[in-house]
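# Descriptive structure summary
Chain residues, written in single-letter form:
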Amino acid sequence: MVRKFAVGLFSLAMVAAFTPNAGAQSARDYISIVGSSTVYPFATVVAEQFGKTTPFKTPKIESTGSGGGFKLFGAGVGVEHPDITNASRAIKSSEKEMCRKNGVSEIIEVKIGYDGIVLANSKKAPLMQVSRKDIFLALAKNVPDPDNPGQLMANPYKTWKDVNPDLPAVAIEVLGPPPTSGTRDAFAELALEGGAKSFDFIAAMKAKDKKQYKAVCHTVREDGAYVEAGENDNLIVQKLDANPNAFGVFGFSFLDQNADKIQGSAIDGVQPTFDAIADGKYPVSRPLFFYVKKAHVGQIPGMAEYLKEFASEKAWGPDGYLSEKGLIPMPDAEREQYRQAVENLTPMPMN
Amino acid sequence: MDIVRRGLAKRYRAERRFKAMGVLAIGASLLFLAMLFVSIAGNGYTAFQQTHIRLEVSLEPEAFEGISLSAADYAGLVKKSLRRMFPEVSGRGDLRQLYALVSSGAGYRLREMVMARPQLVGQTLPLWVPADDDVDMLIKGHFGGEASGSATRLSDSQRQWIDRLKAEGKIEKRFNRTFFTTGDSREPELAGIRGAVAGSFFTLVVTLALSFPIGVAAAIYLEEFAPRNRWTDLIEVNINNLAAVPSIVFGLLGLAVFLNFFGLPRSAPLVGGLVLTLMTLPTIIIASRAALKSVPPSIREGALGIGASKMQMVLHHVLPLAMPGMLTGTIIGMARALGETAPLLMIGMVAFIVDIPGSLTDPSTVLPVQIYLWADSPERAFVERTSAAIMILLAFLIVMNAAAVYLRKKFEKRW
């Protein structure tokens, strides 16, 4: 009896495993989305809303990271490839090249809003006022040598006071994402590079030797002052709560959700508030995107409707539900521009 | 004799020390286990309750005129009833704050009710709707009472409204049924584990259906029929190797073979089950071979002696006796497969999936992946839900492992 059952189950599984091959692939009735883990919390809200208010199935959203998303997205046209990829940075030219080679020739680029990256600490500690230059000096691997103008030295600073006499004499300890993270890239580009540029000889390096300039600006110190805390931002928040001397680097939505425990340091005199990021005063903010395969619109049911939902005022507008999740909306004109791109399915230039 | 006696005290001491160390080792592991359980249960038990707010929703016939039942503005009706409860609130900003007390799922719940019983239209019905996750956290005391105003996600006026609702008995914690009946959601108060449980179920069905027969057949052949030579030694070494391979490797293999070569759909429990089959096969083969080995040769010889063929000997005598051990190994392999996320990452099962999967090829996720996704969500209310989901997963694992122990105890034969 047991044996018969097992045999039955086995053959059933074999049949199930190797017949639906064609069937499952020729028709996919849900949208498949991949990409950035930063955009994931926003895209999922839209997807859920879309699934509940329309007759279509709820899109499936994988959190693969921006780079992983483009890799899957650009692999080709057809139901086995994703329809949309989310990204916390703009598409690179090498990725465009890959898309074109695989026949993904028309891609619609949609910017959805901005995300602020915050340097936050526990509310039990005083609020910090730092500049991007302070951040650069505190976290870069090599910093300008004050005794030898124009020369770099290994970062000697131990406390924030060493960096800037106005800051407290607290040891530098910053918890942040690892190099694989898009948040880390953006933080390096906006905060560290922004600070590095204030030194003239580093800024001059950009024209001469771009590679070296990037290395100087983006390399984070590895002597323990910057702690790679993994991709889980909730963990960083908990650690900050336990250790008031530590700082954390993460996206604005985590600050927004944990405002009772942590506070965002003012950078260049601006605190990371919703409004300050929205009107561009807060210096460390980056745009978020998603990219749509035009060839799939009309093939996969619900694509046009999903895009419409995302580009609606009730989603990405200043009072929309995405803003409640911590997405910083674009200015009116920019929103209108991208809404039209979505409506007319205007592909972006591919080179 | 004297030498023995002199050394005796020392040997006893050594034995006592050894035993004490053993007790200490067990004690330490029990302590860690208890700490794990206590912290998870302490974080998670509140998730089984959800704060609800009582509304008087009047389903005015005007709201349903000229449109189908499904298209009516249910969220608007919920908002209207909130306005009636707090008539003094006005102004766009204040109203937004008022509406934010109630979960965005309230409208859907109302819609479900009306769709199920259309005769409700025209009546005013009392309705307990889920509160927003921030309200829920406040009521459960996760925001720390003293923090005020701008510091938290709730404004002072929202706190006053909540206090008033509390005084009127219109806000209370109720059993969180949603947690067991819905799929994933980005609103913590609407999120549930049903989708993940269904995904885990389908995945394990595929895994069990493939790995048990294949594993047992391989074990029987290797143990009873295969000649002992260099080839079978090589196979044995490889099986033992496979059992120790990190599970992510199986995910990569699954991506290359099942998705890219066979073209099976991404994120499907079918592919997840196939990958986990590869992962659990070595475990099952090794356990099954051990079970076969433990059947004494006298049984085989007796069967062969009275004229049974080799196949009859195996199927009629050896296999039934080895079955409890094989089942134990299979269940332990299944328990491991149930807790696995890494190989599923590569085949797209780490995904946001709201709809509850209904077949082997629907996109789905599994319980441990759901835990991973929630642990990474910014909303505070997901912290307790993460722990609650871990409790469910642990419960399944305990049941499975207990079943393994029970089977072993019940059918075990001592020779």
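Residues numbered from 1 in each chain as written. Chains lettered and ligands numbered in written order. Predicted model: local features only at pLDDT ≥ 70, side-chain atom pairs only at ≥ 80, totals over all residues. Heavy atoms only, no water.

## Re the sheet that holds strand β3 (residues 171–175) of chain B
Residue and element names in this part refer to chain B.
- With antiparallel pairing, 3 strands are arranged side by side in an open sheet as β2-β1-β3. Single-partner strands in this sheet number two, and they are β2 (124–130) and β3. Across the sheet, the mean angle from the axis of one strand to that of its neighbour is 40°, orientation sign disregarded.
- As paired strands, strand β1 (residues 49–58) and β3 are joined by 5 bridges and run antiparallel to one another. Across the sheet, Q50 pairs through a bridge with R174, a residue of β3.
- With respect to the sheet, helix α4 (residues 106–116) is in contact with β1 and β2, its orientation differing from that of β2 by roughly 135°. (Pairing = 2+ DSSP bridges. Helix = DSSP H or I, 4+ residues; strand = E, 2+ residues; numbered from the N terminus. Axes fitted to C-alpha atoms, helices over the stretch in contact; angles between N-to-C directions. Contact = heavy atoms within 4.5 Å.)

## Some thoughts on the domain arrangement of chain B
Residue and element names in this part refer to chain B.
- With domains assigned, chain B is organised as domain 1 (49–176) and domain 2 (194–411).
- Just the C-alpha atoms count here: the centres of domain 1 and domain 2 sit 46 Å apart.
- On the side of domain 2, 5 residues touch domain 1, which itself brings 8 residues to the contact.
- Each partner contributes to the roughly 490 Å² buried at the junction of domain 1 and domain 2, and carbon and sulfur atoms together form 44% of this total.
- When the buried area of domain 1 at its contact with domain 2 is split by residue, D133, M137 and H142 rank highest and sum to 60% of it.
- Our enumeration of links across domain 1 and domain 2 arrives at 1 salt bridge.
- Where K140 meets E384, a salt bridge forms, and the shortest distance between an N and an O atom there is 2.7 Å.
- At the junction of domain 1 and domain 2, the tally comes to 2 residue pairs in polar contact (both at pLDDT 80 or more).
- The element contributing the most residues to the side of domain 1 that touches domain 2 is helix α5 (residues 133–139), with 3 residues.
- Of the residues contributing to the side of domain 1 that touches domain 2, the split by class is 2 nonpolar, 3 polar and 3 charged. (Domains from an automatic or database assignment. Buried area = accessible area lost by both parts, 1.4 Å probe. Salt bridge = Lys/Arg side-chain N within 4 Å of Asp/Glu carboxyl O. Polar contact = N/O pair within 3.5 Å; in protein donor to acceptor, adjacent residues only side chain to side chain. Nonpolar A, V, L, I, M, F, W, Y, C, P; charged D, E, K, R; others polar.)

## Notes on the packing of helix α9 (residues 200–208) of chain A against helix α10 (residues 210–218) of chain A
All names here are of chain A.
- For the pair α9 and α10, interaxial distance at closest approach is 6 Å and the crossing angle is 140°. Between α9, through I202, A203, M205, K206 and K208, and α10, the contact on the second element is made entirely by K210, Q212, Y213, V216 and C217.
- Looking at side-chain class alone, the contact of α9 with α10 contains 6 nonpolar, 1 polar and 3 charged residues.

## So, unusual backbone geometry
- Even without a glycine there, the phi angle at D268 of chain A is positive, about 50°.
- Relative to the elements of secondary structure, D268 of chain A occurs in the loop between β12 (266–267) and α13 (274–278).
- Of note in the backbone geometry, S267 of chain B takes a positive phi value of approximately 60° without being a glycine.
- Its relative accessible area of 0% is what places S267 of chain B among the buried residues. (Buried < 20%, exposed > 50% of the residue type's maximum accessible area, 1.4 Å probe, protein only.)

## Description of the interface of chain B and chain A
- Every contact between the two is made by 43 residues of chain B and, on the other side, 45 residues of chain A.
- When the two sides are added together, the surface that chain B and chain A hide from each other amounts to roughly 4,100 Å², 52% of it contributed by carbon and sulfur.
- Here R266 of chain B and E62 of chain A are joined by a salt bridge, their closest N and O atoms 2.6 Å apart.
- At the junction of chain B with chain A, the criterion picks out 18 residue pairs in polar contact (both at pLDDT 80 or more).
- Secondary structure elements with two or more residues in the side of chain B that touches chain A: α3 (92–99), α4, α8 (194–225), β4 (351–352) and α15 (367–375) of chain B.
- Here the side of chain B that touches chain A gets 4 residues from one element, more than from any other, and that element is α8 of chain B.
- Grouping the amino acids of the side of chain B that touches chain A by side-chain chemistry returns 22 nonpolar, 8 polar and 13 charged.
- Strand direction decides the pairing type here: strand β2 (residues 60–62) of chain A and β4 of chain B, joined by 2 bridges, are antiparallel.

## Some points on the domain arrangement of chain A
All names here are of chain A.
- As far as domains go, chain A holds domain 1 (29–113 + 287–344) and domain 2 (116–286).
- Using C-alpha coordinates to define each centre, domain 1 is positioned 30 Å away from domain 2.
- Contacts between the two partners involve 12 residues from domain 1, matched on the other side by 9 residues from domain 2.
- Between domain 1 and domain 2, roughly 890 Å² of surface is buried when both sides are summed, and carbon and sulfur atoms account for 58% of that area.
- Applying the counting rule to domain 1 against domain 2 returns 0 salt bridges.
- Looking at the side of domain 1 that touches domain 2, the elements that each hand over two or more residues are β13 (285–293) and α16 (321–324).
- Split into classes, the residues belonging to the side of domain 1 that touches domain 2 amount to 5 nonpolar, 5 polar and 2 charged.

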